[in-house]
Structure formats: C-alpha cells, structure tokens
Amino acid sequence: MKRTAFFISDGTGITAETLGQSLLAQFETIAFSKLTRPYIDTVEKARLMVQQINAAAEADGARPIIFDTIVNREIREVLAESNGFMIDIFSTFLAPLEQELTAGSSYSVGKSHSISANSNYMERIEAVNFALDNDDGGRTHHYDKADLILVGVSRCGKTPTCLYMAMQYGIRAANYPLTEEDMERLQLPAALKQHKHKLFGLTIDPDRLTAIRHERKPNSRYSSFAQCEFEVREVENLFRRENIPHINSTHFSVEEISAKILVEKGVERRLK
C-alpha cells in the first residue's frame, strides 16, 4: 500500500516533519512517499501546493496525509480545499495547552526554531564545531572540554553520532578511532587514559563493517572480512577489559544510538 505524506509549514518545516515522521513510523505496512514543503507563506504558494496535493491524490488513488504547522488562517483555508487529510499540529496540541494554562499562545511563525527565541542557538553551533574539530582523533588536547568521547574501529558510526548529539542535544562529543596499532598494544592509547570516564564504545557486526568499508576502499585489506572481524573482536575485548560501556551500532539508527549513550553515561542534554 502506498500513500503520499506532505509536511507543510510557513517556516522551516522541522516541527511538522519531525512529528509527522514519528507518527508515520508506526505504520510499517504502508510505503509513504514523504515530501517536505517549507515556507508556504503566501496564498499563491498555498494554491500551488493544493495542485501538488491533488495530483498526488490522483496518482495514488487515495488522499495524501498532510501534517502542517501553518499559522496564517487564510493560507490554511486554501490548503483545506485540497483533496488531502489534514492534521494541524499546532491546533491539535496548543488548544488543550491553552485551556490548561489559561493563557493564549503566540501562534508565531518559526517560533520553535528561530535564533532570537532560542537562547541555545550558540550552544548548538559550538557543539557542532567541537565535534568537527575533534573528529577522528586528529586533535586530542581539547578532550578535557568534551562531554563524551566515542571510541571504536574506523567506520562504525562515531562521526555521525557525534554530529547528531551536537545538533540535537548540544553535547560536545569527540571521537577517536582505535587502530590496529592500538590493538597490538592491548591497551588504551595514552590520549584516552586520563579521560576514561568519558569514553563510550561503538562496535559493529564484521559483515556490516566490511560492506561499509568496501564502499570506501574496495578490494583492500582495510575492507576485507578477515581484517574487519579481527578489529571488531579485539576492540570488543578491549572494551570488556577496560570496563568501557559500549553498544553494537549495526541495527540502530543514529537517533537510537545517541539516546542510549546519554542514558548509559548519565550525560544531561545542554539543549532543553
């Protein structure tokens, strides 16, 4: 079964997309074609949007699902003329909150993601810069400022996890790839020893690691199953020997990995 889903906003569309994606994920038997349409902030754009929605309805033989965070009433009325099933995220949640808080909401465009309204904006930028500056073990002299240091073999998901935690939570996360030389010494690299309390390990199934590395360096020793299997085995032994908490990243999304790390390490999010 196939359905089209639109995430429509007069701002960035982040709120509509985030909540809409979470809700649609509960319907595993349906294949959704997902389309994000930000900055639908004029009646003219809304009318063009109606044409897209109606075209999708005709192509699918079923009305599209529309998640919207449109503030302007006139624009919403135009969208309501489409052949789509509309879910107004703001009114769905804000109306009962207004009643409970006995206060009216601002209903302003882009409120949740604007720089001026978000005192954590610079915190997010600094965390991302930290993750980039301390990626792949290139620099280790700023580890004293890190909230977390991810360790593991090359290509097991350390960098995307660090960047996600920086963007989403404002966490300052560095990452350090454990090399074959580190494994031969059977101990943590000197740069990590004094920060052992900040370490969290990522591991991965050898066959998955082989496939990932093959995309980068096909038919090399680096991407061979034997090498991948050796590295994963030795790193997991090191994690156990040094009592470093770790998880297997093979079957988890970066969102799930990040959440599990924060819970395991007891690290508080900087962005609330």
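First things first, this report covers the structure right here in the doc. Since the structure is predicted, the reported quantities are computational estimates derived from the model, not experimental observations. Chains are numbered independently. Their residues run from 1 in the order of the written sequence. Given that the model is predicted, a residue must reach a pLDDT of at least 70 before its local features are reported, and side-chain atom pairs must reach 80 or more before they are shown or counted; all residues, however, enter totals for whole chains, interfaces and linings. Values shown for side chains rest on all heavy atoms present in the structure; no hydrogens or waters enter the calculation.

Cysteine pairs can be covalently joined through their sulfur atoms, and such a bond is termed a disulfide. Sulfur atoms of two cysteines make up a disulfide when they are within 2.5 Å. For the structure on display, the rule yields zero disulfides. C228 forms no disulfide, and the closest cysteine sulfur to it belongs to C156, at a distance of 11 Å. Given a relative accessible area of 0%, C228 falls into the buried group. Note on classification: 1.4 Å probe, protein chains only; a residue is buried when its accessible area is under 20% of the maximum for its type, exposed when over 50%, partly exposed between these limits.

A few words now on the packing of aromatic side chains. Whether two aromatic rings pair depends on their centres lying within 6.5 Å, for rings of Phe, Tyr and Trp, where Trp uses its six-membered ring; planes under 30 degrees apart make the pair stacked, over 60 edge-to-face, and the rest tilted. Per the stated rule, a full pass over the model turns up two aromatic pairs. Look at F7 and F67: their rings are 5.8 Å apart centre to centre, the planes differ by 25 degrees, and that puts the pair in the stacked class. In this pair, F7 is assigned in strand β1 (residues 2-8) and F67 in strand β3 (residues 65-68), connecting sequence segments 60 residues apart. The same class applies to F7 as to F67, namely buried. Each helix is a run of H or I in the DSSP string that is no shorter than four residues. Each strand is a run of E no shorter than two, and both are numbered from the N terminus.

On to a negative patch on the surface. Candidates for patches are residues over 30% relative accessible area with no salt bridge; among them, like charges are joined within 9 Å and nonpolar side chains (Val, Leu, Ile, Met, Phe, Trp, Tyr) within 5 Å. Every accessible area reported is derived by Shrake-Rupley at a probe size of 1.4 Å, with residue values counting cover from the shown protein chains alone. Here, a salt bridge means any side-chain nitrogen of Lys or Arg that lies within 4 Å of a carboxyl oxygen of Asp or Glu. Only four residue types enter the charge count, namely Lys and Arg as positive and Asp and Glu as negative; His and the chain termini do not. Lys charges are placed at NZ, Arg charges at CZ, Asp charges at CG and Glu charges at CD. On the surface, E44, E74, E77 and E81 cluster together into a negatively charged patch. Tracing the chain through its elements places E44 in helix α2 (residues 43-60).

So, about the sheet that holds strand β2 (residues 31-37). When DSSP locates at least two bridges between a pair of strands, those strands are taken to pair. With parallel pairing, four strands are arranged side by side in an open sheet as β2-β1-β3-β4. Each end of this open sheet is capped by a strand with a single partner; those strands are β2 and β4 (85-88). Taking the axes of each pair of neighbouring strands and ignoring which way they run, one obtains an average angle of 20 degrees across the sheet. Pairing geometry for β1 and β2, over seven bridges, is parallel. Its bridge partner lying in β2, I8 is registered against R37. Pairs of residues are marked as contacts when any of their non-hydrogen atoms sit within 4.5 Å. The axes used here are C-alpha line fits, helices contributing only the stretch in contact, and every angle between their N-to-C directions lies in the interval 0 to 180 degrees. Its contacts with the sheet put helix α1 (residues 14-24) on β1, β2 and β3, and the angle it makes with β1 is roughly 155 degrees.

To continue, consider the environment of S105. Its place among the elements puts S105 in the loop between α4 (89-101) and α5 (121-133). C-alpha of S105 to C-alpha of F90: the two residues are 15 residues apart in sequence and 9.9 Å apart in space. The contact partners of S105, leaving out residues within four places of it in the chain, are L94 and E98.

For helix α11 (residues 254-265), spanning twelve residues, the distance from its first C-alpha to its last is 16 Å, which sits close to the expected 16 Å at 1.5 Å a residue. Of all the positions in α11, only I257, S258, I261 and L262 are classed as buried. Angularly, the buried residues of α11 cover 130 degrees about the axis, an arc narrow enough to put them on a single face. Exposed and facing more than 90 degrees away from the buried side of α11 are V263 and E264. For α11, the elements touching its buried residues are β5 (148-152), α6 (158-169), β7 (199-203) and β8 (246-248). Within two residues after α11, G266 carries a phi angle of roughly 70 degrees, on the positive side. Each residue after the first adds 1.5 Å to the expected span of a helix. The directions from the helix axis to the C-beta atoms are what the arc is built from.

A separate point is the pairing of strand β6 (residues 173-177). Taken across its five residues, β6 has five buried, putting it largely inside the fold. The alternating pattern of β6 places A173, N175 and P177 on one face and A174 and Y176 on the opposite face, and all of these are buried. Strand direction decides the pairing type here: β5 and β6, joined by five bridges, are parallel. Bridge pairing in β6 links I149 to A174. Once the chain exits β5 it traverses α6 before rejoining the sheet at β6, and the crossover so formed is right-handed. By convention, a crossover is right-handed whenever its connection, traced from the first strand over the helix to the second and viewed with the strands pointing away, goes clockwise.

Coordinates in, geometry out; function isn't part of it.
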